[in-house]
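Survey of secondary and tertiary structure
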Amino acid sequence: MPCCGLCQYETNKLVRIQSVRLGSMKWSLNGFILLFICIMMLWNRKYQEFDLVVSSVTTKVKGVAQTHLPGVGDMVWDGVDYSGPSQDKNSFFVVTNVIVTKNQKQGKCPEVPRIGRSCRTDRDCERGAWDQQSHGIQTGSCVKFDVLTKTCEVSAWCPIEKKGNPPRPALLAAAENFTVLIKNNIRFPAFNFIRRNILPTMNGPYLRSCQRVNDPLCPIFRLGDIVREAGEKFSEMAIEGGVIGILIKWECNLDWLMQRCLPKYSFRRLDEKESNKTLYPGLNFRYAKYNTVNGVEERTLYKAFGIRFDVMVFGQAGKFSFIQLIIYIGSTLSYYALTTILIDWLIGTSCYSAEVGQNYSEKKVESVQDKQKCILCVSHVDENNILLVKRSLKKSLQDIKPTSVQPRKEDAGHLRAVLSLLQSGVGANHDAQPPLDRKPDPNTKPCRPAWCKCDHCAPSSVPQEELCCRRSVGTCITSSPLFEQLVLRRSLLEAVLQYRDPLSSLADRGQTATLRHCAYRQYISWRFGVPPNDTHPVIPSCCVWRVREEYPSPDGQYSGFRPVRIASMQACQMESCERSVST
Ligand code: ZN
Ligand code: ZN
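First, a word on scope: everything that follows refers to the structure included in this document.

Cut-off values and rules
Residues numbered from 1 in each chain as written. Chains lettered and ligands numbered in written order. Predicted model: local features only at pLDDT ≥ 70, side-chain atom pairs only at ≥ 80, totals over all residues. Heavy atoms only, no water. Helix = DSSP H or I, 4+ residues; strand = E, 2+ residues; numbered from the N terminus. Expected span 1.5 Å × (residues − 1). Buried < 20%, exposed > 50% of the residue type's maximum accessible area, 1.4 Å probe, protein only. Donors = N, O, S within 2.8 Å, 3.2 Å for Na, K, Ca; no water. Salt bridge = Lys/Arg side-chain N within 4 Å of Asp/Glu carboxyl O. Tetrahedral: all angles 85-135°; square planar, octahedral: opposite > 155°, others 65-115°.

**Some details on helix α14 (residues 512-528)**
Relative to the 24 Å expected for 17 residues at 1.5 Å per residue, α14 spans 24 Å between its end C-alpha atoms, a close match to the ideal helical length. Burial runs high along α14: 15 of the 17 residues are buried. Just past α14, the residue G529 takes up positive phi, approximately 65°.

**Focus on the coordination of the zinc ion (ligand 1)**
The protein atoms that coordinate the zinc ion (ligand 1) are C452 (SG), C454 (SG), C457 (SG) and C468 (SG), at distances of 2.2 to 2.4 Å. According to the relative accessible area criterion, C457 is buried, its value standing at 1%.

**Quick look at the pattern of salt bridges**
Considering all chains together, one arrives at 18 salt bridges under this definition. D310 is the salt-bridge partner of R308, the closest N and O atoms lying 2.9 Å from each other. Connected via shared salt-bridge partners are E176, R222, D225 and R228.

**Structural notes on the coordination of the zinc ion (ligand 2)**
Distances from the zinc ion (ligand 2) to its protein donors, C454 (SG), C469 (SG), C476 (SG) and C542 (SG), fall within 2.2 to 2.3 Å. Bound by 4 donor atoms, the zinc ion (ligand 2) shows angles of 103 to 116° at the metal and therefore tetrahedral coordination geometry. Look at where the donors of the zinc ion (ligand 2) fall in the sequence and you get C-x14-C-x6-C-x65-C. The two metals, the zinc ion (ligand 2) and the zinc ion (ligand 1), are separated by 3.9 Å and share C454 as a common coordinating residue. On the criterion of sequence distance, the pair formed by C454 in the loop between α10 (412-423) and α11 (481-488) and C476 in the loop between α10 and α11 is long-range, its members being 22 residues apart. C476 gets classed as buried once you look at its relative accessible area, which sits at 4%.

Okay, structure coming up:
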């Protein structure tokens, strides 16, 4: 019945190796992998579904400091003063150093020398000119800046801010002792879970007294502690200013038994300290406070240096999910293949017993040769092993270098039959032709070709037929009495044929072609035993000619070398000897 692919199922064929060593290795490797998978699952909570945090942050800085500002006098700073004019979302700013220029009015005054070029006469100044660094627009006059220098006059807020570098030490270094309360509300939308960093257990007295040093969950921080934990020195950072990150990490486990959801604070400087030293260091900006004196608008200009604290919240929450667990288990199954890979590698290499390994791989791997890549096998009488040779259409078979050498595998059945035959001594007595009496006719035998070592081979036009029974010079195998007894003897061949086909007539068995083919088979069983898989045994030229001499074709025509797969030969063994390697 023709069958399509729909009604078929293919599955893999397995090889089971009975070995305590390999078995225990397999189980210990699998156990190790299982242990690894379980540890990874618990460690990384692979059985959980995760959701990222959504959060909002508000801050409140508290603290008071008194400073002495040059040209202004003593001044007390409270939260309103040092927090700067504006507050960003998720960040707060604390002024730590300041340059104050009081009572600026709209008017004309000399530009500061480090920005405007110094001048000698009015011709050096251009009316209406300005550049990025200017404080105002040039009027075109050259005026005295101080006793020594003259600079171009500008229309600007006068007097112009003179000092460039921030004062050292920082005027508001006392900000180190200011505190900040950080309020952080978080939410994990997937689990509908809400929490804040001020925990339900924290009450008023607790918040007033808690310190980060003793309690890592305390939501009130001293600015000096924050900067110190970020690896900086507050007094140094206060001079030029900078940016500090306050990182709040929420790593929550929302599983029933192990519920845990607490914030973890850490601090880091965000602006690069090293590059700050050279160009545009720190963090500063200007702001002004305006007032009107006698109808004239005046302003006090502040250049404020300070530290900006950015609060960043990140984290995730996990909760048991059956689907995640299944996905994780599925993704780890491939790890078990490592056991197979490792043990196969071990068997394949010489780490394991080489002999046993060879046995396993023969059982495990079934090699199929491409029809084009015809591998021939050759057996010489003066060599124990069987040589595997690639078929060549140019070089004579005798001269081709073997691709591999394999030990002879004895055909046990044939060997037993032969031995009992030889022991019973049925040898020469019953033979119609006495052995060794049929010398080849010197007229019909062609002269010896160069590749022949035994002096009995005949030249051939086919390179595959150019094979001698020997590798080195010596006696030919056909001159052995065994050759007569095992290959040529008619009574033996007839007995073999009758054994294979018990009902065949004597006339059928007596046909010379049948006997000839059977003799070839006898030779192969004798000399090759069981030939290696997917190889074609080749009978040496001398033997072929000796058999042909004994059982000649009436028309003198022979089909010559024709490689036949040994597997198919064995399959049709019971039918006839017809399909032989050489006919
Ligand atoms: Zn020869
Ligand atoms: Zn020979």
